[in-house]
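# Architecture at a glance
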Amino acid sequence: MVAAIRAAVARWAQDRTLLWALAAGFLLRVVPMLWWIDKPCVRDECTYEEIARAIMDGRGMIGTNGWLWAPAYPSLMALHGMVFGVPGTVQITQLVVAVLSVAMIYELAEGEAGKPAARIAAWMYALSPTLVFYTGTLWSETLYSGLLLGAMLALRWARGGGAERAWLPGTLAGMCVLFRGVATYMLPIFAIALLWGRWRDKSAWAGVIGCFVAAFLTVAPYSAYATQKFGGLVVSDRTMGQMMWLGNNVFDPMTFDWGNGVLSKRAYDGAAATGRDHCPFTKDAIQQDACETAAGVAWIKRHPAEFIERMPMRASQLLAPHSFLTRHLRWGRWRGLPDAVDEALIGLVVAFSFVTMVGGTLGIGARGRGWYAVTAGLVVLYHVGAITILAGLSRYRVPLEPLWMVFAATLLADPAGTWAALRADRRRLVGTLVVTAILLVLMLRYLPASWPAWGTW
C-alpha cells in the first residue's frame with residue numbers, strides 16, 4: 001500500500017493541471033472559512049456541537065430530542081475541541097480531506113477513463129460551489145464523501161490481492177457506518193466490488209471475508225458501548241423513527257431546503273400540527289426511536305398507495321439541483337456579497353448539479369464498464385433507495401456527487417466518443433436515455449423553488 005501511495009503521489013506531482021486544481025480547491029475553501037468564521041450554527045450543526053461538548057465533558061454519546069446520531073462526526077469534533085479548544089476546528093480536517101479528495105477523484109478517473117478525464121474530474125471537485133460550502137460547515141458531508149472516495153481506491157488496491165489487502169476497504173466501510181447509519185447495509189456492495197470479474201478466484205473470496213471482518217472490528221467497539229449504555233441494540237445510530245416521522249406522515253415529506261421545505265420554527269410547528277403526534281417524549285432514545293419507527297410502519301401499512309406515490313417526491317427532494325449553499329445565500333449567511341454574486345453562485349450550484357448528475361448518468365451509460373461502474377452505481381442507488389422510503393434532503397446527495405463526477409468527466413473529456421459508444425449499443429442507448437429522462441423529471445420538479453420571482457412551475 002505504501003508503495004502504491006508513493007507511486008501515485010509521484011505521478012500527481014508531475015501533473016501541473018492537478019497541482020493547480022489542488023491549489024484552487026484549497027484557496028476556494030479556506031477563504032470563506034476564514035471570512036465567515038463567526039457564522040452561527042444551523043440546526044443539525046448545533047446538535048453535532050451539543051453532542052461534541054457532551055463528549056468533551058465526559059458524558060460520552062448522548063441522545064438528543066429522541067435521536068441517537070452516528071458517533072464518528074461528533075466524536076471527531078470533540079477531539080478537535082480537546083486539542084484546539086473549539087469543536088468547530090473540525091473544519092481544519094475537513095479542509096485537508098477536501099484537498100485530498102481532489103487528488104483521489106483524479107486517481108479514480110484516470111484509472112477509469114485516462115488523464116484528460118482525470119483532470120476534468122479534479123477541477124470539478126475543486127470548483128463545485130456546494131462541495132466548497134460544506135467544507136466550511138459543521139456537517140459531515142465532506143468527510144463521508146472522502147471516505148467513499150478512499151474506499152473506492154482501497155477496493156481497487158484490494159482487488160490485486162486477497163485478505164491481506166481487504167482490511168483497508170473493510171475498515172473504511174466500517175468508518176462509513178460510524179459516520180452515517182445509512183451505510184450499515186452497504187457492505188455487500190463492497191463484496192461485489194471485490195468479486196467482480198474474479199468470481200472463481202479463491203483469494204477474492206478470502207478478501208470478502210477479510211473485508212467483512214475488518215468492518216465488524218471497526219464498528220463493534222462502539223456498538224457494544226452504545227448498546228450497553230442505551231439499553232438496546234445500537235449498530236451506529238437510532239434515527240429511523242424520526243426519519244419516518246418526517247417522510248411518512250399526514251403532511252408532505254418534510255425537508256429543509258430553500259423553497260422546498262420548512263425554514264422556520266413556526267413553519268415546522270405548523271406542519272407538525274397537521275401530522276400524527278410524536279410518541280410521548282422520553283430521554284430513552286432507543287425507546288423513542290422504536291416507538292416512532294412502529295408508528296411510521298403502521299402509517300405505511302394504512303396508506304400503502306400513498307407511500308409509493310410519495311417516493312418520486314422524496315427522490316425529487318434528494319435530487320433538487322439546489323443545495324444548502326442556496327439556502328445560506330438566500331438567508332444572507334455569507335454576508336457582504338453583492339446580490340449579483342449571490343445569484344451567480346446560485347446559478348453555479350444548479351449548473352454543477354446538472355453537469356454532475358445528468359452528465360454522470362450519460363457517462364456511466366456509455367462508458368461504464370467493470371467493477372468501479374458497478375460499485376459506484378450500486379452505492380448511489382442504495383443511498384437513493386434508502387432516501388425514497390424515508391425523507392429526502394439535498395444534503396444527503398452531496399457525498400455521492402464525487403462518485404458520479406468520474407463519469408461526468410468521462411463525458412466532458414470526449415463527448416463525441418461517448419455518444420458513439422452509446423450508439424454502438426442499442427440497449428445501452430435506450431436504457432441510458434430512459435434513465436436520464438426520469439432523472440431530469442425528478443431534478444426539474446424543484447428547479448424554480450430557489451428563485452422567488454419564479455418559485456414554481
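Placed above this text is the structure.
Reading guide: rules and limits
- Residues numbered from 1 in each chain as written.
- Predicted model: local features only at pLDDT ≥ 70, side-chain atom pairs only at ≥ 80, totals over all residues.
- Heavy atoms only, no water.
- Helix = DSSP H or I, 4+ residues; strand = E, 2+ residues; numbered from the N terminus.
- Areas by Shrake-Rupley, 256 points an atom, 1.4 Å probe, with all protein chains shown as cover.
- Core = buried A, V, L, I, M, F, W, Y, C linked by side-chain atoms within 4.5 Å.
- Buried < 20%, exposed > 50% of the residue type's maximum accessible area, 1.4 Å probe, protein only.
- Contact = heavy atoms within 4.5 Å.
- Axes fitted to C-alpha atoms, helices over the stretch in contact; angles between N-to-C directions.
- Parallel < 35°, antiparallel > 145°, perpendicular 65-115°, else oblique.
- Left-handed = near helix turned anticlockwise from the far one by under 90°.
- Nonpolar A, V, L, I, M, F, W, Y, C, P; charged D, E, K, R; others polar.
- Disulfide = S-S within 2.5 Å.
- Phe/Tyr/Trp six-rings, centres within 6.5 Å; stacked < 30°, edge-to-face > 60°.
- Lys NZ or Arg CZ within 6 Å of the ring centre and 35° of its normal.
- 1 Å grid on protein atoms, 1.4 Å probe; cavity = no way out; pocket = protein on both sides within 12 Å on 5 of 7 lines; lining within 4 Å.
- Points joined across faces, edges and corners; volume = space filled by probe spheres on them.
- Patch = residues over 30% accessible without salt bridge, like charges linked within 9 Å, V, L, I, M, F, W, Y side chains within 5 Å.
- Salt bridge = Lys/Arg side-chain N within 4 Å of Asp/Glu carboxyl O.
- Polar contact = N/O pair within 3.5 Å; in protein donor to acceptor, adjacent residues only side chain to side chain.

### Quick word on the overall build of the protein
Per the secondary structure count, the protein includes 21 helices and 2 strands. A total of about 19600 Å² of accessible surface is found on the protein, and carbon and sulfur atoms cover 68% of it.

### Digging into the nonpolar core
In this structure, Met186 and Tyr372 are the most contacted members of the largest nonpolar core, which totals 124 residues. Setting aside residues no more than four positions away along its own chain, Met186 makes contact with Tyr144, Leu148, Cys176, Val379, Tyr382 and His383. Membership of the second largest hydrophobic core comes to 10 residues, among which are Leu319, Val350, Phe354 and Leu439.

### With respect to the packing of helix α15 (residues 304-319) against helix α18 (residues 370-388)
Between two packed helices, what matters for the description is the angle formed by their axes and the separation of those axes. Here α15 crosses α18 at 125°, and the two axes come no closer than 8 Å. When the axes of α15 and α18 are compared, the pair comes out oblique. Seen along the crossing, α15 lies across α18 with a hand that is right-handed. Packed against α15, whose contacting residues are Met311, Arg314, Ala315 and Leu318, the element α18 presents Val384, Ile387 and Thr388 at the interface. Classifying every residue of the contact of α15 with α18 by side-chain character gives 5 nonpolar, 1 polar and 1 charged.

### Quick notes on the state of the cysteines
Simply put, the disulfide is a covalent bond whose two ends are the sulfur atoms of two cysteines. Inspection of the entire model under this criterion finds 2 disulfides. One disulfide bridge connects Cys41 with Cys46, the sulfur atoms lying 2.1 Å from each other. In this structure the cystine formed by Cys41 and Cys46 twists about its S-S bond by roughly 100°; its chirality is therefore right-handed. Between the sulfur of Cys279 and that of Cys291 lies a disulfide, 2.0 Å long from S to S. Given an S-S torsion of about -90°, the disulfide between Cys279 and Cys291 has left-handed geometry. Remark: Cys291 occurs in helix α14 (residues 285-302) and Cys279 occurs in the loop between α13 (265-274) and α14; sequence separation between them is 12 residues. Given the relative accessible area of 31%, Cys291 is considered partly exposed. Free cysteine Cys211: the closest other cysteine sulfur is in Cys176, separated by 11 Å.

### Section: the packing of aromatic side chains
Throughout the structure, instances matching the rule amount to 20 aromatic pairs. Seen from their ring centres, Trp454 and Trp457 are 5.1 Å apart, and the 80° between their planes marks the pair as edge-to-face. Exposure remark for Trp454: the relative accessible area of 39% places this residue in the partly exposed category. Within the aromatic cluster, the residues linked to one another by ring pairs are Trp36, Phe133, Tyr134, Trp139, Phe324 and Trp334. Sitting over the face of the ring of Tyr144, Arg180 holds its NZ or CZ atom 4.9 Å from the ring centroid.

### Comments concerning empty space enclosed by the protein
The tally for this structure, following the rule as stated, stands at 5 cavities of 30 Å³ or more. Within this model, the largest cavity holds a volume of roughly 50 Å³. Surrounding the largest cavity, Arg29, Pro32, Met33, Trp36, Lys39, Val132, Phe133, Gly136 and Trp334 form its lining. For the lining of the largest cavity, the secondary structure elements donating two or more residues are α2 (16-35) and α7 (129-135). Per-element accounting of the lining of the largest cavity gives the leading share, 3 residues, to α2.

### Some points on a nonpolar patch on the surface
Together, Leu79, Met82, Val83, Phe84, Ile92 and Val96 make up a nonpolar patch on the protein surface, roughly 600 Å² of accessible area in all. Breaking the nonpolar patch down by element, the ones donating at least two residues are α4 (72-84) and α5 (90-113). The biggest single contributor to the nonpolar patch is α4, with 4 residues. Turning to its location among the elements, Leu79 is positioned in helix α4.

### Focus: the side chain of Ser323
Checked against the element boundaries, Ser323 lands in the loop between α15 and α16 (324-331). By relative accessible area, which is 1% here, Ser323 ends up buried. At a separation of 3.0 Å, a polar atom in the side chain of Ser323 contacts the side chain of Thr130. In contact with Ser323, other than residues within four places in its own chain, are Thr130, Asp257, Val349 and Ser394.

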